Amino acid sequence: MKRATVSLISAAVSGILFGAGLSVARMTDPQKIWNFLDVAAIPSGGWDPSLAFVMIGGIAVAFFGLRLDRWFRLGRPLAGPAFIKTSRTKVDLPLVAGAAVFGIGWGLSGFCPGPAIADLGLVPQDVYLFVIAMVAGSWVAGQILEWTERPRESTTTSAATSSAR
Amino acid sequence: MHTFAPLSATLGGLIIGLATTILWVVNGRTAGISNIAGGAFPIRRGDELWRFFFLLGLPIGAWLGFVAAPGLLPEVPATLPTITLSPVWLIGTGVLVGVGTRVGRGCTSGHGICGLSRLSVRSFVAVGTFMVTAAITVFIVRHVVS
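The rules behind the values
Residues numbered from 1 in each chain as written. Chains lettered and ligands numbered in written order. Predicted model: local features only at pLDDT ≥ 70, side-chain atom pairs only at ≥ 80, totals over all residues. Helix = DSSP H or I, 4+ residues; strand = E, 2+ residues; numbered from the N terminus. Buried ≥ 20, exposed ≤ 12 C-beta atoms within 10 Å, placed from the backbone. Contact = placed C-beta atoms within 7 Å. Domains from an automatic or database assignment. Nonpolar A, V, L, I, M, F, W, Y, C, P; charged D, E, K, R; others polar. pLDDT = per-residue confidence, 0-100. Expected span 1.5 Å × (residues − 1).

Here we look at the overall build of chain B
Consideration 1: Each helix and strand in chain B was counted, giving six helices and zero strands.
Consideration 2: Along the three orthogonal principal directions, the C-alpha set of chain B runs to about 50 × 40 × 35 Å.
Consideration 3: Split into buried and exposed, the 146 residues of chain B put 58% on the buried side.
Consideration 4: Put simply, of all contacts in chain B between residues at least 6 apart along the chain, 48% involve residues at least 24 apart.

What follows is the structure, given as structure tokens:
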């Protein structure tokens, strides 16, 4: 089988497993997310720590899984051109500000991107607006980021100075 | 309402870890869903088709899990998730999640599962930040406003 075909099958299998994992853990239900985030319920015993168990379970496997390339000295993935991961290491303002805004949206809706898209298979009529708005928001933010991160030489001197903090 | 389900939560997490491992070892890609979805549009030629296959798998897998899990694990309810948000609320919060994950370069999967597994400092900061703002938000909505 061609590598390109294998990579698409693998992506689909990974997506199916990811969606199944979310569904088995009931992370597809915003109520579960709210019951986790509602830390004020800890003293009364009404807190639901399920989400933490999902993350621990995921990390327990991924901690090893994401190191297999190094352990087995794989030059490239089994069916992909290269191992691609971010080269960013600095904690910067966009990271913190973006995460803060995401957290507010997550708290208000009970949805992060994975469960929202997974719910298209369960309750599409209830989540499609969220998914469309999410993708649109991401696209617009991506365009703005691309524009702000563009090299400055094309802009006028005064604009470059004033916008360069 | 107390609905702690440690068994299904851990099992679900392990399956997610397996999904993450497959995408990394076979495709060389990180299973960060906001990144996969955000990079899917506009549609580019080349090897970007994998994004759609992964994203299409999510609802299919969710449905399979919904059908199979309650029979295997009694603690998993056989009911569909109930979503009671208004259209305006869905759109507004969708925009916040889309913008926030793009600017912060990751969500619960990319930073939460993959980044923490890689012991990335950026991801620890991101997860700490969105957990705190989300918890504050839920506190205000549940205990201050209502």
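Details of the interface of chain A and chain B
Consideration 1: Contacts between the two partners involve 106 residues from chain A and, on the opposite side, 101 residues from chain B.
Consideration 2: Elements with a contribution of two residues or more to the side of chain A that touches chain B: α1 (3-24), α2 (30-37), α3 (50-65), α4 (68-71), α5 (93-109), α6 (113-118) and α7 (124-148) of chain A.

As for the domain arrangement of chain A
All names here are of chain A.
Consideration 1: Entries for chain A in the domain assignment read domain 1 (1-85) and domain 2 (87-165).
Consideration 2: Each of domain 1 and domain 2 has a C-alpha centre, and the two are 21 Å apart.
Consideration 3: Taken together, the contact between domain 1 and domain 2 spans eleven residues of the former and ten residues of the latter.
Consideration 4: Put simply, the parts of the chain that give the side of domain 1 that touches domain 2 at least two residues each are α1 and α2.
Consideration 5: In terms of residues, the side of domain 1 that touches domain 2 owes the most to one element, α2, which gives five residues.
Consideration 6: Looking at the side of domain 1 that touches domain 2 residue by residue, the classes come out as seven nonpolar, four polar and no charged.

Brief notes about the environment of Pro-77 of chain B
Residue and element names in this part refer to chain B.
Consideration 1: With respect to the element layout, Pro-77 can be found in the loop between α3 (49-72) and α4 (87-103).
Consideration 2: Overall, Pro-77 belongs to the partly exposed group, with 15 C-beta atoms counted inside 10 Å.
Consideration 3: On a C-alpha basis, the gap between Pro-77 and Gly-32 in space is 27 Å, while along the polypeptide they are 45 residues apart.

Considering the confidence of the model for chain A
Consideration 1: Of the residues in chain A, 92% have a pLDDT of 70 or more, and the chain-wide mean is 91.
Consideration 2: Taken as a whole, residues 155-165 of chain A scores under 50 in pLDDT and shows two contacts with residues more than four places along the chain or in a different chain.

A few points about unusual backbone geometry
Consideration 1: The backbone of Arg-26 of chain A sits at a positive phi, close to 65°, despite the residue not being glycine.
Consideration 2: Following the sequence through the fold, Arg-26 of chain A ends up in the loop between α1 and α2.
Consideration 3: At Leu-119 of chain B, a position not held by glycine, the phi torsion is positive, near 55°.
Consideration 4: Examined against the element boundaries, Leu-119 of chain B turns out to sit in the loop between α5 (108-117) and α6 (121-145).

Details of the environment of Val-25 of chain B
Consideration 1: Within the element layout of this structure, Val-25 of chain B appears in helix α1 (residues 6-27).
Consideration 2: A sequence separation of 56 residues divides Val-25 of chain B from Pro-81 of chain B, and the C-alpha atoms of the two residues are 33 Å apart.
Consideration 3: Ignoring sequence-local partners within four residues, the contact set of Val-25 of chain B consists of Gly-65, Leu-68, Asp-69, Pro-77 and Leu-78 of chain A.

Quick look at α7 of chain A
Consideration 1: With 25 residues, α7 of chain A extends 35 Å from end C-alpha to end C-alpha; this agrees with the ideal 36 Å at 1.5 Å per step.
Consideration 2: When we look at burial in α7 of chain A, the residues that qualify are Val-127, Phe-130, Val-131, Ala-133, Met-134, Val-135, Gly-137, Ser-138 and Ala-141 of chain A.
Consideration 3: Its buried side turned inward, α7 of chain A meets α5 and α6 of chain A together with α2 (33-38) and α4 of chain B.

Digging into the environment of Asp-29 of chain A
Residue and element names in this part refer to chain A.
Consideration 1: Note that Asp-29 resides in the loop between α1 and α2.
Consideration 2: On the basis of neighbour count, Asp-29 is assigned to the buried category, with 24 C-beta atoms found within 10 Å.
Consideration 3: For the pair formed by Asp-29 and Ser-44, sequence separation is 15 residues and the distance between their alpha carbons is 22 Å.

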